[in-house]
Amino acid sequence: MATNRDAGTGLQNMSGGGAGGADISVSSPLDLARAMDFWMAGDWPLLAVQDEALVMPDRDRGLTAAFVAAAHHFCDDHDAARKWSRIALSWGCPESYLQ
């Protein structure tokens with residue numbers, strides 16, 4: 001597995017390992033399955049650095065955004081958690097999922 005530091009985030013990008021055995025580069029699109037893999041692996045910092053533009057525009061993007069919001073909460077970035085919670089709601093995530 002090759003690793004290198006991302007100069008912009010200070011996080012390691014890994015190829016060929018990690019969540020689900022897939023490329024877990026921060027620049028890769030994020031869908032619900034990958035978000036769940038990150039969550040189950042405890043990769044909250046990597047999940048929290050996802051960009052809104054990289055969240056896959058599919059029917060599950062509200063739930064994907066909810067995982068990103070929760071990751072920000074676990075990383076003690078409550079402002080970002082609130083921002084991503086609002087995004088999740090606007091993308092169709094049920095409010096009960098964010099409580």
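See the structure printed just above.
This section reports on the structure supplied with the text. In this text, all values refer to a predicted model and were calculated from it rather than measured experimentally. (Residues numbered from 1 in each chain as written. Predicted model: local features only at pLDDT ≥ 70, side-chain atom pairs only at ≥ 80, totals over all residues. Heavy atoms only, no water.)

**A few points about the nonpolar core**
If you look at the biggest cluster of nonpolar residues, it comprises 17 residues, and the most contacted ones within it are Leu30, Leu47, Ala65, Trp84 and Trp91. For this core, the elements supplying multiple residues, two or more each, are helix H1 (32-41), helix H2 (44-48), helix H3 (61-74) and helix H4 (78-90). When residues in this core are grouped by element, the largest group, five residues, is from H3. If near-sequence neighbours (up to four positions away) are discounted, tryptophan 91 is found in contact with Glu52, Val55, Arg61, Gly62, Ala65 and Trp84. (Core = buried A, V, L, I, M, F, W, Y, C linked by side-chain atoms within 4.5 Å. Buried < 20%, exposed > 50% of the residue type's maximum accessible area, 1.4 Å probe, protein only. Helix = DSSP H or I, 4+ residues; strand = E, 2+ residues; numbered from the N terminus. Contact = heavy atoms within 4.5 Å.)

**Side note on unusual backbone geometry**
In this structure, aspartate 76 takes a positive phi of about 60° despite not being glycine. Relative to the assigned elements, aspartate 76 resides in the loop between H3 and H4.

**A look at the pattern of salt bridges**
In total, this model carries two salt bridges according to the counting rule given. A salt bridge links aspartate 60 to arginine 59; the nearest nitrogen and oxygen atoms lie 3.9 Å apart. Under the relative-accessibility criterion, arginine 59 is labelled exposed at 77%. For aspartate 79, the salt bridge is made with arginine 82, and the minimal N-O distance between the two is 2.5 Å. Note that aspartate 79 and arginine 82 are positioned in helix H4 at a spacing of three residues, about one turn of the helix. According to the relative accessible area criterion, aspartate 79 is exposed, its value standing at 54%. What makes arginine 82 partly exposed here is its relative accessible area of 45%. (Salt bridge = Lys/Arg side-chain N within 4 Å of Asp/Glu carboxyl O.)

**A word on the packing of aromatic side chains**
Tallying each qualifying case throughout the model produces four aromatic pairs. A centroid spacing of 4.7 Å and a plane angle of 20° characterise the contact between tryptophan 44 and phenylalanine 74, whose relative ring orientation is stacked. Taken together, the residues tryptophan 44 in helix H2 and phenylalanine 74 in helix H3 connect sequence positions 30 residues apart. Residue classification places phenylalanine 74 among the partly exposed residues on the basis of a relative accessible area of 45%. Aromatic rings pair up to connect Trp39, Trp44, Phe67 and Phe74 into one cluster. (Phe/Tyr/Trp six-rings, centres within 6.5 Å; stacked < 30°, edge-to-face > 60°.)

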